[in-house]
Amino acid sequence: MLNLFKKWKGHPQSGAQQHVMKEDILKGEIPEHIAIIMDGNGRWAKKRALPRIAGHHEGMKVVRKITKQANNLGVKALTLYAFSTENWKRPKTEVEYIMKLPEEFLNTYLPELIKENVQVRIIGDRQKLPEHTLRAVNRAINDTKNNTGLILNFALNYGSRAEILNAVQSMIKDVKTGKLAETDIDEKLFSDYLMTHFLQDPDLLIRTSGEIRLSNFMLWQLAYTEFWFTDVLWPDFSEQDLLKAIYTYQQRGRRFGGI
Ligand SMILES: CC(C)Oc1ccc(CN(CCC(N)=O)C(=O)c2cnn(Cc3ccccc3)c2-c2ccc3sccc3c2)cc1
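Residues numbered from 1 in each chain as written. Predicted model: local features only at pLDDT ≥ 70, side-chain atom pairs only at ≥ 80, totals over all residues. Heavy atoms only, no water.

If you look the chain up in an unreviewed UniProt entry, it shows as Isoprenyl transferase from Metabacillus malikii. Under the UniProt heading Function (unreviewed entry), the note attached to the chain is "Catalyzes the condensation of isopentenyl diphosphate (IPP) with allylic pyrophosphates generating different type of terpenoids." (UniProt positions renumbered as here; feature names shortened; annotations may be inferred.)

So this is what it looks like as structure tokens:
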């Protein structure tokens, strides 16, 4: 009976329930690469009887807030994946809005990202972006390429199985042309053929809005990554949520397959 009244404290393995201080986590190991599957914009808007694009706009502001915080905490790389199942169900107006969002984000925040020494990168098929989006993205990548702070990496039109197949096909081609010897093929070399070749594997994966799935995201790279799931919807994701995720990561000694 008592259980009925026990306050729902989120997934039991999600660790910290109480307030986490920045000072607390700075004493521990800061995850060098954090990957986030940003989910929940639509539901956030629906809960507030707002149009769905309001959720995406709010979600974009959270991207800036969490980028700033991760950079301040000394995180080396932040990979963001906007997972959306209802791509095909989306009304045309919403898709058009979403495609404009990257430009709005960059026009608004690129000067700040440059000031904060953030390096903007993209994984996925950039060519599929509309011309105006592609121009803004290429400018951001070019204007931040010499920055040495946080790598802010966006996964767009990204699918992990396609990425793995593409790597296999490239390696077969290189073996055929003699550029690569079969005996040279090991896990390290395989990673060099992936779109994420410029990054180390994520130390911590965060997924919001209560979905507990990988959704074809970084399947190879997440082999030893700690997962932190939260019911919080992306537009509601706070700095305290990021601190909780990092705190929980620090509490779980990582095994890398060892004991
Ligand atoms: C350098 C960076 C700013 O440029 C890009 C960044 C992303 C993409 C890919 N992209 C948008 C277009 C597409 N679908 O390809 C998505 O992944 C996508 C799908 N839904 N949402 C809304 C959403 C917004 C916020 C949080 C989750 C979803 C987004 C999305 C994702 C992150 C951010 S951050 C500023 C805008 C924005 C839009 C292309 C270029």
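A. Geometry of the pattern of salt bridges. Under the criterion given, the structure shown has 17 salt bridges. The partner of Lys 128 in a salt bridge is Asp 125, with the nearest N and O atoms 3.5 Å apart. Look at Lys 128 and you get exposed, because its relative accessible area is 59%. Here Arg 135 makes a salt bridge to Glu 131, at a shortest N to O gap of 3.2 Å. Taken together, the positions of Arg 135 and Glu 131, both in helix 6 (residues 131-144) and four residues apart, correspond to about one turn of that helix. You can call Arg 135 exposed: its relative accessible area is 52%. Put simply, Arg 64, Lys 68, Glu 112 and Glu 116 are held in one network by salt bridges that share partners. (Salt bridge = Lys/Arg side-chain N within 4 Å of Asp/Glu carboxyl O. Buried < 20%, exposed > 50% of the residue type's maximum accessible area, 1.4 Å probe, protein only. Helix = DSSP H or I, 4+ residues; strand = E, 2+ residues; numbered from the N terminus.)

B. View of the UniProt feature "binding site: Mg(2+)" (unreviewed entry) in the chain. In the UniProt entry, the feature "binding site: Mg(2+)" (unreviewed entry) is given for Asp 39 and Glu 226. By the secondary structure assignment, Asp 39 is in the loop between strand 1 (33-37) and helix 3 (41-47). Those residues within four positions of Asp 39 in sequence are excluded, and the remaining contacts are Phe 83, Arg 207, Thr 208, Ser 209, Glu 211, Leu 233 and Trp 234. Mapped onto the elements, Glu 226 comes out in strand 6 (residues 226-229). (Contact = heavy atoms within 4.5 Å.)

C. Looking closely at the side chain of Asp 174. Locating Asp 174 in the fold gives a position in helix 7 (residues 160-176). Look at Asp 174 and you get buried, because its relative accessible area is 8%. Within polar-contact distance, the side chain of Asp 174 engages the side chain of Tyr 193 at 2.6 Å. Once residues within four sequence positions are removed from consideration, Asp 174 is found in contact with Lys 179, Leu 180 and Tyr 193. (Polar contact = N/O pair within 3.5 Å; in protein donor to acceptor, adjacent residues only side chain to side chain.)

D. Just unusual backbone geometry, in detail. Non-glycine residue Asn 117 carries a positive phi angle of around 65°. Position of Asn 117 among the secondary structure elements: in the loop between helix 5 (92-115) and strand 3 (119-124). On the basis of relative accessibility, which here comes to 27%, the residue Asn 117 falls in the partly exposed class. Positive phi values are uncommon outside glycine, yet Asn 157 reaches one of about 45°.

E. Just the nonpolar core, in detail. Among the nonpolar cores identified, the biggest contains 45 residues, and Ile 34, Ile 36, Leu 78 and Ile 206 are the most heavily contacted of them. Listed in part, the 11 residues of the second largest apolar core include Ala 35, Ile 37, Tyr 158 and Phe 217. (Core = buried A, V, L, I, M, F, W, Y, C linked by side-chain atoms within 4.5 Å.)

F. Inspection of the site of the ligand at higher detail. Around the ligand, the surrounding shell holds 17 residues, and the nearest of these are Asn 41, Ala 82, Ile 98, Phe 105 and Leu 156. Protein coverage of the free-state accessible area of the ligand, which is 690 Å², stands at 94%. Taken together, the elements giving at least two residues each to the shell around the ligand come down to helix 4 (52-73), helix 5 and strand 4 (151-156). Looking at the shell around the ligand, the element that brings in the most residues is helix 5, giving five residues. Residue classes in the shell around the ligand are distributed as 14 nonpolar, three polar and no charged. (Near = heavy atom within 4 Å. Areas by Shrake-Rupley, 256 points an atom, 1.4 Å probe, with all protein chains shown as cover. Nonpolar A, V, L, I, M, F, W, Y, C, P; charged D, E, K, R; others polar.)

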